[in-house]
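Overview (structure and organization)
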Amino acid sequence: MTSKKVRVLVGSPIYQKPHILQKFLLSLKRLDAEGKEFAYFFIDDNEDERSSKMLEDFSQEQNNVKLLASNQSDVYVCNGTTHYWNENLVWKVADFKNMIIEHAINEQYDYLFLIDSDLLLYPQTINQLISANKDITSNIFWTKWQPDAEERPQVWLYDEYTQWEISRGQALTDSEINTRYQSFIRQMRTPGVHKVGGLGACTLISQKALKAGVNFNRIENLSFWGEDRHFCIRAAALGISMYVDTHLPAYHIYRDSDLEGAMEFLDRTDMGEGSEASLPKLTLSMVMRNESERYLRKVLEELRDYIDEAVIIDDGSTDNSAEVCLEVLKGIPVHIIRNDFSKFSNEIELRKMQWTETVKSNPEWILNLDADEVFENRFKEEVRQLISDQEVDVYCFRLYDFWNETHYREDEHWCAHQYYRPFLVRYREGFECKWNDRPQHCGRFAENVFELPHKLSDIRLKHLGWVKKEDRMAKFKRYRELDPDGTYGSAEQYQSIMDENPNLIRFEE
């Protein structure tokens, strides 16, 4: 007996440039339809005939598409700075959305998904929103509302766009506001389902909420700008809580300059047969502390081309390392776990924590790198082939300690590149880790990882942590403090860090 499919109406009033609309429609075509019956209701408010033609083509290609011409003409200006709305436009769009709501109710859809036509989605987005099991849930996206501003989410806690906790009548200093705002932003960067006070533009609404009376009608005694505010206040008055799901951030093409990132988003999230995304998930696992001014950005810019998710332990940073991670890895699920104080003085505790937190993300393959390590270019081209090999669970690589931008060090104390160490491991549920419980130099993975099928790779890993003299000095002092007698490492190697004329060899790609 086949189970009943969930019926979802995807609705959108559309006034859009053709080159953006094309990507929006492609994103909808990629939505995972397993167990669901999708229908579409588009209100064509376009001035550009090419956009209208795209909607007509979509209606011919897809099943169950309702396409309605608005027969209205209004100027809506979008440029490289921002989008310009007026009262007439706002309430025209509100009327369009109410028409879509009415259709969803009349046709008894299980859910209505309202989405703006400049958003791109992960194929699993609807699945994720339904799994949240809430009556009103928005999928998060981030936007620079002004070109030089920081990214902010489309959800808020109070009033028109207040994104920090505040009690009625409470007076806060600027410092208190900033602290609470940063706390909210960190929560929005953390994958989960979070209660909010306002949302819009990318929202799943249950049949229960629709029949309860949620809509976009203007509330006459409310001066708040935008139809979404009126929708949210009405929902709250009806006793319906609102939530945001932050697992799979949508991509917002707010201005033409966002188009390059749009293509990268579509390529990376493609779930088509034979695509990279249909291969095993690759999760970055990283520990960092105060890395924002070193190599973190360079490393992450390389990694974002092939990782699918990231789990990062921020080990007591006092700089903006976490913010750099979120910025560079925009569009990729990132889990940041923050330690108030560094645990590196007892490294084994830190590595166990790293493993536990990474496993929570349900990884398939784990790539364990530090914030100053980057593979040579070949890795980017070959990693998907490596993790597709069903006969290998562990890949080992040689690590080269760079002493300047172009040369690595080689002598009796610096020969790590002559040995292979595990950096890429398939997660096997039920594998019982046996750790080397040393407080320093304990290894990144459990020491029994070689019980799994393993293979040596000739792709090389570059360690940039020794390149700058000031970094070498800092590491020398740290090792002398944490392991003064060389109990866990080599006292001679620690001392050799200070050599003025080490033997260096040029690294050739």
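No experiment lies behind these values; they were computed from the predicted model shown. Every chain is numbered independently, its residues counted from 1 as its sequence is written. At least 70 in pLDDT is required for a residue's local features to be given in this predicted model, at least 80 for side-chain atom pairs to be given and counted, and no such filter applies to totals for whole chains, interfaces and linings, which use all residues. Computation of side-chain values covers all heavy atoms of the structure but excludes hydrogens and water.

**Focus on the environment of Asp389**
Put simply, the rule reads: Comment: elements are numbered from the N terminus, with helices defined as DSSP H or I runs of at least four residues and strands as E runs of at least two. Burial classification: accessible surface area is computed with a 1.4 Å probe over protein chains only, and a residue below 20% of its type maximum counts as buried, one above 50% as exposed, and the rest as partly exposed. Note on definitions: a residue-residue contact is assigned when non-hydrogen atoms from the two residues lie within 4.5 Å. For this analysis, a polar contact is any N or O atom pair within 3.5 Å, provided that within protein one partner can donate a hydrogen and the other can accept it, and provided that sequence-adjacent residues contribute only side-chain to side-chain pairs.
Checked against the element boundaries, Asp389 lands in the loop between helix H12 (378–386) and strand S18 (394–401). Residue Asp389 is classed as partly exposed on the basis of its relative accessible area, which comes to 24%. The contact partners of Asp389, leaving out residues within four places of it in the chain, are Tyr395, Arg426 and Lys455. A polar atom in the side chain of Asp389 sits 2.9 Å from the backbone nitrogen of Glu391.

**Examining the packing of aromatic side chains**
The following threshold applies: Stacked, tilted and edge-to-face pairs are distinguished by plane angle, under 30 degrees for stacked and over 60 for edge-to-face with tilted covering the rest, among Phe, Tyr and Trp rings (Trp via its six-membered ring) whose centres lie within 6.5 Å. A ring is considered to have a charge above it if a Lys NZ or an Arg CZ atom is located within 6 Å of its centre and within 35 degrees of its normal.
Counted by the stated rule, this structure contains 23 aromatic pairs. A ring pair is formed by Trp403 and Trp466, whose centres lie 5.5 Å apart and whose planes are at 15 degrees; its orientation type is stacked. Taken together, the residues span a long stretch of sequence, with Trp403 in the loop between S18 and strand S19 (407–409) and Trp466 in the loop between strand S21 (454–463) and helix H13 (469–482) at a distance of 63 residues. Relative accessible area serves as the criterion here: at 6%, Trp403 is assigned to the buried category. According to the relative accessible area criterion, Trp466 is buried, its value standing at 4%. Three or more aromatic residues joined by ring pairs make a cluster, and in this case those are Tyr306, Phe375, Phe379 and Phe397. Across from the ring centre of Tyr295, 5.3 Å away, lies the NZ or CZ of Lys468, which sits over that ring. Between the NZ or CZ atom of Arg478 and the centre of the ring of Tyr479, over which it lies, the distance is 5.5 Å.

**Focus on the state of the cysteines**
The cut-off we apply is this: Count a disulfide wherever a pair of cysteine sulfur atoms falls within 2.5 Å.
With the rule as written, the count across this model stands at 0 disulfides. The closest cysteine sulfur to the non-disulfide-bonded Cys396 is located on Cys433, 15 Å from its own sulfur. Looking at the unpaired Cys433, the closest cysteine sulfur is the one in Cys442, lying at 12 Å. By relative accessible area, Cys433 is classed as partly exposed at 22%.

**Description of the pattern of salt bridges**
As a reminder of what qualifies: Any Lys or Arg side-chain nitrogen located within 4 Å of an Asp or Glu carboxyl oxygen qualifies as a salt bridge.
One pass over the full model with this rule turns up 38 salt bridges. We note a salt bridge from Glu373 to Arg444, for which the minimum N-O separation is 2.4 Å. Placement of the pair is Glu373 in strand S17 (residues 373–375) and Arg444 in the loop between strand S20 (421–426) and S21, with a sequence separation of 71 residues. With a relative accessible area of 16%, Arg444 lands in the buried category. Linking Asp393 and Arg426 is a salt bridge whose minimum nitrogen-to-oxygen distance equals 2.6 Å. One end of the pair, Asp393, is in the loop between H12 and S18; the other, Arg426, is in strand S20, with 33 residues separating them in the sequence. Taking relative accessible area as the criterion, Asp393 reaches 4% and is therefore assigned buried. With relative accessibility at 8%, the residue Arg426 sits in the buried group. Because the salt bridges share partners, they merge into one network encompassing Glu291, Arg294, Asp372, Asp471 and Lys475.

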